[in-house]
Amino acid sequence: MAPSYSWHPGAFRLASRWAVPTSLFPDEILSSWLLRAALANGCDPLAFMGAIWPMQRVWTMDLDRHPKAELIDKLSDLSGATAASLKHATLHPIAQLVLSTAPPSKQSWPWILSVGSRNRRRIGRAQYCPRCLATDESPFFRLQWRFAWHSVCTRHDCQLLEACPHCSSALEPHRILVTGNGLDYCMECDRSLSREVPSQTPLPDAQRLQLATDEVLRAKQTVYLDKEISVASWFAVVKFYIDLVRRALRAQTISLEAFAPELTVTFRNDLGFVPLEKLALRQRAHLLDCAGRFMLLPFEQLVSEFSAAGLSRQAAFPSGMPDVPPLRTLAEALPDQGIRRPVTQRNPLRASHFRPRSQREVERMMRVLRRRTSADTDS
Ligand SMILES: [Zn+2]
Ligand SMILES: [Zn+2]
């Protein structure tokens, strides 16, 4: 049976010029494969890449964004993997699909988590699943752990991590030495990143939004509020809801207490203007969870809740009418700022908390409650 994959199938049975051929695993990110290839061939990654590509110190840059075509060709020639399979192990094809244009070469990329390189040190937000690493035959890092809309491992139904659970250092697998313990160990404190690491329950709507977004990328289009939209428009809609929540929290003009009680606790007063891709995983996951909740509402309920909350067209869309069709329809359905509607005692977002729920929703809530109860009992 062919190995399952979500983003690329990998490359196997390679006619390699390396002493020890190293397969590219399905969904493995390019840098992870190079690290494993270096170790398999008895080299420190620094020396390994120094021999292949002496012109540049590749480990000081984000190799997974857009490695030079000459480097890909050279790696293809040495490893036996096709250049196409290696390119698909980089973030570039996904970033291009998300933006519907070539991503910029210098600036950080929207929706892609930065590793924050400073020489060979990292201060960024790359993520990992401890249970994936624990169950891998040869631990490796996945492409999707760099996606900003990912906060969950759907395979293990657990929250991802973005730092060593013992010393909180950023992930720096490229600093591994051939004498080191392995890619599933922290390069700072040398303790396991995967074993005896408690897993956290994912936020349900963040998980649903993640799955829906992955599906949009695979289909390369989708339907939102009865309108066919492109991948780039889908991301514009997600960003709209995230920005709306952040603006609401800053201005405190709308009570999100019932709709997103965790947000006020998570952000307190330090919401600031930090880009989503640079927020801590916990904050990003809560924003995605809240955006997911908005995106699951049918159009009529969305309009009704926005309107009743006193959210005018201008307040929801301060930059003017959006050019994404479903958002434009939403904007047109919201009251014009000139028409003052009294904000009633009824807080609609709070009221939504008590609306009749479907059987599916109740069952989901019960599952979450049971998991939380058993987690409390276990701890
Ligand atoms: Zn996992
Ligand atoms: Zn550590």
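All figures in this text were calculated on a predicted structure; none of them were measured in a lab.

The rules we used
Residues numbered from 1 in each chain as written. Chains lettered and ligands numbered in written order. Predicted model: local features only at pLDDT ≥ 70, side-chain atom pairs only at ≥ 80, totals over all residues. Heavy atoms only, no water. Donors = N, O, S within 2.8 Å, 3.2 Å for Na, K, Ca; no water. Tetrahedral: all angles 85-135°; square planar, octahedral: opposite > 155°, others 65-115°. Helix = DSSP H or I, 4+ residues; strand = E, 2+ residues; numbered from the N terminus. Axes fitted to C-alpha atoms, helices over the stretch in contact; angles between N-to-C directions. Parallel < 35°, antiparallel > 145°, perpendicular 65-115°, else oblique. Contact = heavy atoms within 4.5 Å. Nonpolar A, V, L, I, M, F, W, Y, C, P; charged D, E, K, R; others polar. Buried < 20%, exposed > 50% of the residue type's maximum accessible area, 1.4 Å probe, protein only. Pairing = 2+ DSSP bridges. Salt bridge = Lys/Arg side-chain N within 4 Å of Asp/Glu carboxyl O. Core = buried A, V, L, I, M, F, W, Y, C linked by side-chain atoms within 4.5 Å. Domains from an automatic or database assignment. Lys, Arg positive; Asp, Glu negative; His and termini not counted. Polar contact = N/O pair within 3.5 Å; in protein donor to acceptor, adjacent residues only side chain to side chain.

A.B. asks: Mind laying out the coordination of the zinc ion (ligand 1), listing which residues take part and the relevant values?
C.D. replies: Coordination sphere of the zinc ion (ligand 1), protein contribution only: Cys129 (SG), Cys132 (SG), Cys153 (SG) and His156 (ND1), at 2.1 to 2.4 Å. What the four donor atoms of the zinc ion (ligand 1) show is an angle range of 104 to 112° at the metal, which sorts the shape as tetrahedral. Mapped onto the sequence, the donors of the zinc ion (ligand 1) take the spacing C-x2-C-x20-C-x2-H. In this pair, Cys129 is assigned in the loop between β2 (121-122) and α6 (130-135) and His156 in the loop between β3 (152-153) and β4 (158-159), connecting sequence segments 27 residues apart.

A.B. asks: Just give me the short version of the packing of helix α1 (residues 30-40) against helix α2 (residues 45-52), but keep the residues and values in it.
C.D. replies: Packing of α1 against α2 brings their axes to within 9 Å, and their N-to-C directions diverge by 100°. Taken as axis vectors, α1 and α2 run roughly perpendicular relative to one another. Here Leu34, Leu35, Ala37, Ala38 and Leu39 of α1 come into contact with α2, specifically with Pro45, Phe48 and Met49. Taken together, the residues of the contact of α1 with α2 break down into eight nonpolar, no polar and no charged.

A.B. asks: Now, about the pairing of strand β5 (residues 221-224): what can you tell me, with residues and values included?
C.D. replies: Side-chain alternation along β5 places Thr222 and Tyr224 on a buried face and Gln221 and Val223 on a face that remains uncovered. Bridge analysis of β5 against strand β6 (residues 227-230) gives four bridges, and the strand direction is antiparallel. Residue pairing across strands places Thr222 opposite Ile229, the latter belonging to β6. The antiparallel pairing of β5 with β6 creates a hairpin that spans two residues between the two strands, and Leu225 there sits at a positive phi of about 50°.

A.B. asks: Explain helix α3 (residues 69-79) to me, and be specific about the residues and the numbers.
C.D. replies: An α-helical turn contains 3.6 residues, so a residue and the one three or four places further along point in the same direction. For α3, every residue scored as buried is listed here: Leu71, Ile72, Leu75, Ser76, Leu78 and Ser79. Where α3 is buried, its residues touch α1, α2 and α4 (83-87). Once α3 ends, the next one or two residues include Gly80, with phi positive near 90°.

A.B. asks: Tell me what's going on with the coordination of the zinc ion (ligand 2), and back it up with residues and numbers.
C.D. replies: Donor atoms from the polypeptide that bind the zinc ion (ligand 2) are Cys164 (SG), Cys167 (SG), Cys186 (SG) and Cys189 (SG), placed at 2.2 to 2.3 Å. For the zinc ion (ligand 2), the four donor atoms in the first shell make angles of 107 to 116° at the metal, a pattern classed as tetrahedral. Within one chain, the residues donating to the zinc ion (ligand 2) are spaced in sequence as C-x2-C-x18-C-x2-C. Taken as a pair, Cys167 in the loop between β4 and α7 (204-219) and Cys189 in the loop between β4 and α7 lie far apart in primary sequence, 22 residues in all. The partly exposed category is assigned to Cys189, whose relative accessible area is 27%.

A.B. asks: Any chance you could break down the environment of Ile112 for me, citing the residues and the numbers?
C.D. replies: Relative to the helices and strands, Ile112 is located in the loop between α5 (92-99) and β1 (117-118). With relative accessibility at 4%, the residue Ile112 sits in the buried group. Put simply, Ile112 and Ile94 are 18 residues apart on the chain and 9.1 Å apart in space, counted from C-alpha to C-alpha. Contacts of Ile112, omitting those with residues within four sequence positions, involve Leu91, Ala95, Arg146, Phe147, Ala148 and Glu277.

A.B. asks: Describe unusual backbone geometry, listing the residues and the values that go with them.
C.D. replies: Not every positive phi belongs to a glycine, and Arg13 is a case in point at roughly 45°. Position of Arg13 relative to the elements: it lies in the segment before α1. A positive phi angle, close to 65°, is found at Ser168, a residue other than glycine. Tracing the chain through its elements places Ser168 in the loop between β4 and α7.

A.B. asks: Explain the pattern of salt bridges residue by residue, including any values.
C.D. replies: Under the criterion given, the structure shown has twelve salt bridges. Between Glu28 and Arg36 there is a salt bridge, with its nearest N and O atoms 2.7 Å apart. Look at Arg36 and you get buried, because its relative accessible area is 10%. Between Asp289 and Arg293 there is a salt bridge, with its nearest N and O atoms 2.3 Å apart. Placement of the pair is Asp289 and Arg293 together in helix α10 (residues 281-296), with a separation of four residues, close to one helical turn. Of the two residues, Asp289 and Arg293, both sit in the buried class. In this structure, a network of salt bridges that share partners links the residues Asp205, Arg208, Asp289 and Arg293.

A.B. asks: Talk me through the nonpolar core; I want residue IDs and the actual numbers.
C.D. replies: Grouped together as the largest cluster of nonpolar side chains are 97 residues, with contacts concentrated most on Tyr241 and Phe306. Ranked by residues supplied to this core, first place goes to helix α8 (residues 231-251) with eleven residues. The two domains that each donate at least three residues to this core are domain 1 (30-175) and domain 2 (205-378). Residues contacting Tyr241, with those up to four places away along its chain left out, are Tyr224, Ala291, Phe294, Met295, Leu302, Phe306 and Leu330.

A.B. asks: I'd like to hear about the side chain of Asp184, residue by residue, with values.
C.D. replies: With respect to the helices and strands, Asp184 occurs in the loop between β4 and α7. Although buried, Asp184 forms no salt bridge, and the nearest oppositely charged side chain, Arg195, lies 4.6 Å from it. Setting aside anything within four residues of it in sequence, one finds Asp184 in contact with Leu133, Pro139, Arg191, Ser192, Leu193 and Ser194.

A.B. asks: Pulling in residues and values, what's your account of the side chain of His8?
C.D. replies: Secondary-structure assignment places His8 in the segment before α1. Residue classification places His8 among the buried positions, given a relative accessible area of 1%. One polar contact links the side chain of His8 to the main-chain carbonyl oxygen of Glu28, over a distance of 2.7 Å. Contacts of His8, omitting those with residues within four sequence positions, involve Leu24, Phe25, Pro26, Asp27, Glu28, His88, Ala89 and Leu143.

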